[in-house]
Amino acid sequence: MHDPKIDIRTKKLLSDNHYILHKYTIGYEKINGEVEQQEREIYDKGSGAAILLYNLKKRSVIMTRQFRLAMYLNEGLKKGMSIEVCAGLLDGLEPEECIIKETLEETGYQIQNPKHLYDAYMTPGAVTEKVSYFIAPYDDIMKINNGGGAIEEQEEIEVLEFPFEKAYNMIAKGEIIDGKSITLLQYAMLHIFNEE
C-alpha cells in the first residue's frame, strides 16, 4: 500500500462567509516516486452527528423534512424538500451531546444515551466534515415539544413518523436521497428490524 508524501505548498482563502472554503496547491508523491502538483478546493463546515430514532413495537422511525438549496439546484423542488434523519453540526460539542440537543430541537424527542455506531466522511474528496452516526429508541412519552428546528438557524423542519418498511422502500423509489439517512436506514434493516 502506498502512503504518499504530501507537501502543502499554498493555501488561499476563497470564502469565509458562512463556512470556510480554501484552495490548496499540494505536491503529491505518486506510486512511482514522481511528485505531481495538484490543486484542490476544500470546504470546511465542521463535523456533525446524525441519528435514526426507531420504535421496535410500532416498527416505526422518525424522519425530518426540510428545504435543501443544494439539492433544489440539482434536482428541482420535488427533491429539494429532503426527507432525512435528524442531524446537525457539532459546533464545539461532543458528538453525543450534539445529537441529543439536535434531536430535541428538530424532532421534539428527549433522548438519553444514544448508541454510537461509526464515523464516516460523506464527501471526502472536497469536504472536511466527518459525521458521527447514532441510533436511539423512542416512544411517545419522550415527545416533549413539537420540534421544528432552531429559529435562529432559519430552520423550518417537519417531523415525520413512518413505518420502517415504508421509509426503507423510499430509498429505492428515490424519495430519500440523503446519504446519511440511507446508511442509517440500511443499518436498521440489517441490525434492528430483522432481529424479531
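Refer to the structure printed above.
Rules behind the numbers
- Residues numbered from 1 in each chain as written.
- Predicted model: local features only at pLDDT ≥ 70, side-chain atom pairs only at ≥ 80, totals over all residues.
- Heavy atoms only, no water.
- Helix = DSSP H or I, 4+ residues; strand = E, 2+ residues; numbered from the N terminus.
- Buried < 20%, exposed > 50% of the residue type's maximum accessible area, 1.4 Å probe, protein only.
- Contact = heavy atoms within 4.5 Å.
- Areas by Shrake-Rupley, 256 points an atom, 1.4 Å probe, with all protein chains shown as cover.
- Lys, Arg positive; Asp, Glu negative; His and termini not counted.
- Charge placed at Lys NZ, Arg CZ, Asp CG, Glu CD.
- Arc of directions from axis to C-beta.
- Polar contact = N/O pair within 3.5 Å; in protein donor to acceptor, adjacent residues only side chain to side chain.
- Phe/Tyr/Trp six-rings, centres within 6.5 Å; stacked < 30°, edge-to-face > 60°.
- Lys NZ or Arg CZ within 6 Å of the ring centre and 35° of its normal.
- Core = buried A, V, L, I, M, F, W, Y, C linked by side-chain atoms within 4.5 Å.
- Pairing = 2+ DSSP bridges.
- Axes fitted to C-alpha atoms, helices over the stretch in contact; angles between N-to-C directions.

Caption draft 1: Quick look at the overall build of the chain. The secondary structure content of the chain amounts to five helices and ten strands. Counting only C-alpha atoms, the chain reaches 60 × 40 × 35 Å along its principal axes. Across the 196 residues that make up the chain, the buried fraction comes to 38%. Partitioning the intrachain contacts of the chain with sequence separation of at least 6 by distance along the chain shows that 57% fall at a separation of at least 24. Accessible surface, the chain: about 11900 Å² in total, of which carbon and sulfur atoms supply 50%. Distance between charge centroids for the chain: 5 Å, based on 22 positive and 33 negative side chains.

Caption draft 2: Just helix 4 (residues 164–172), in detail. Among the residues making up helix 4, those that are buried are Phe-164, Ala-167, Met-170 and Ile-171. Buried residues of helix 4, viewed axially, fall in a sector of 120°; they line one side. Contact partners of the buried residues in helix 4: strand 5 (60–67), strand 6 (81–84), strand 10 (158–163) and helix 5 (179–191). Of the residues one or two after helix 4, Gly-174 is the one with positive phi, at around 75°.

Caption draft 3: Focus on the side chain of Thr-25. Tracing the backbone through its elements, the reader meets Thr-25 in strand 2 (residues 20–29). Residue Thr-25 is classed as buried on the basis of its relative accessible area, which comes to 10%. Side chain to side chain, Thr-25 and Thr-10 meet in a polar contact 2.9 Å long.

Caption draft 4: A look at the packing of aromatic side chains. Across all of its chains, the model carries seven aromatic pairs by this definition. Look at Tyr-54 and Phe-193: their rings are 6.4 Å apart centre to centre, the planes differ by 85°, and that puts the pair in the edge-to-face class. On the criterion of sequence distance, the pair formed by Tyr-54 in strand 4 (residues 48–55) and Phe-193 in the segment after helix 5 is long-range, its members being 139 residues apart. Taking 5.7 Å as the distance between ring centres and 55° as the angle between the ring planes, the aromatic pair formed by Phe-67 and Tyr-72 counts as tilted. The ring centre of Tyr-19 lies 5.7 Å from the NZ or CZ of Lys-45, which sits over that ring.

Caption draft 5: Representation of the nonpolar core. In terms of nonpolar packing, the biggest core is built from 25 residues, with Leu-52, Val-61, Met-63, Ile-135, Phe-162, Leu-184 and Leu-185 touching the most fellow members. Going through the elements one at a time, strand 4, strand 5, strand 9 (130–137), strand 10, helix 4 and helix 5 are the ones with two or more residues in this core. Not counting residues within four places of it along the chain, the set of residues in contact with Ile-135 comprises Ile-51, Leu-52, Tyr-54, Pro-114, Lys-115, Leu-117, Leu-184, Tyr-187 and Ile-192. Listed in part, the 14 residues of the second largest apolar core include Ile-51, Tyr-109, Ile-111 and Met-142.

Caption draft 6: A look at the environment of Arg-40. If you trace the backbone, Arg-40 turns up in strand 3 (residues 35–44). In this structure Arg-40 comes out as partly exposed when scored by relative accessible area, which is 41%. A sequence separation of 14 residues divides Arg-40 from Ile-26, and the C-alpha atoms of the two residues are 8.2 Å apart. What Arg-40 contacts, discounting residues up to four positions off in sequence, is His-22, Lys-23 and Tyr-24. Reaching out from Arg-40, the side chain makes a polar contact with the side chain of Gln-38 at a distance of 3.4 Å.

Caption draft 7: Main features of the sheet that holds strand 3. The sheet built from three strands is open, its strands ordered 1-2-3 with antiparallel pairing. Edge strands, defined here as strands with exactly one partner in the open sheet, are strand 1 (6–15) and strand 3. Put simply, the sheet's adjacent strands are angled 20° from each other on average, direction ignored. In terms of strand pairing, strand 2 meets strand 3 through ten bridges, oriented antiparallel. Bridge pairing links Tyr-24 to Arg-40 in strand 3.

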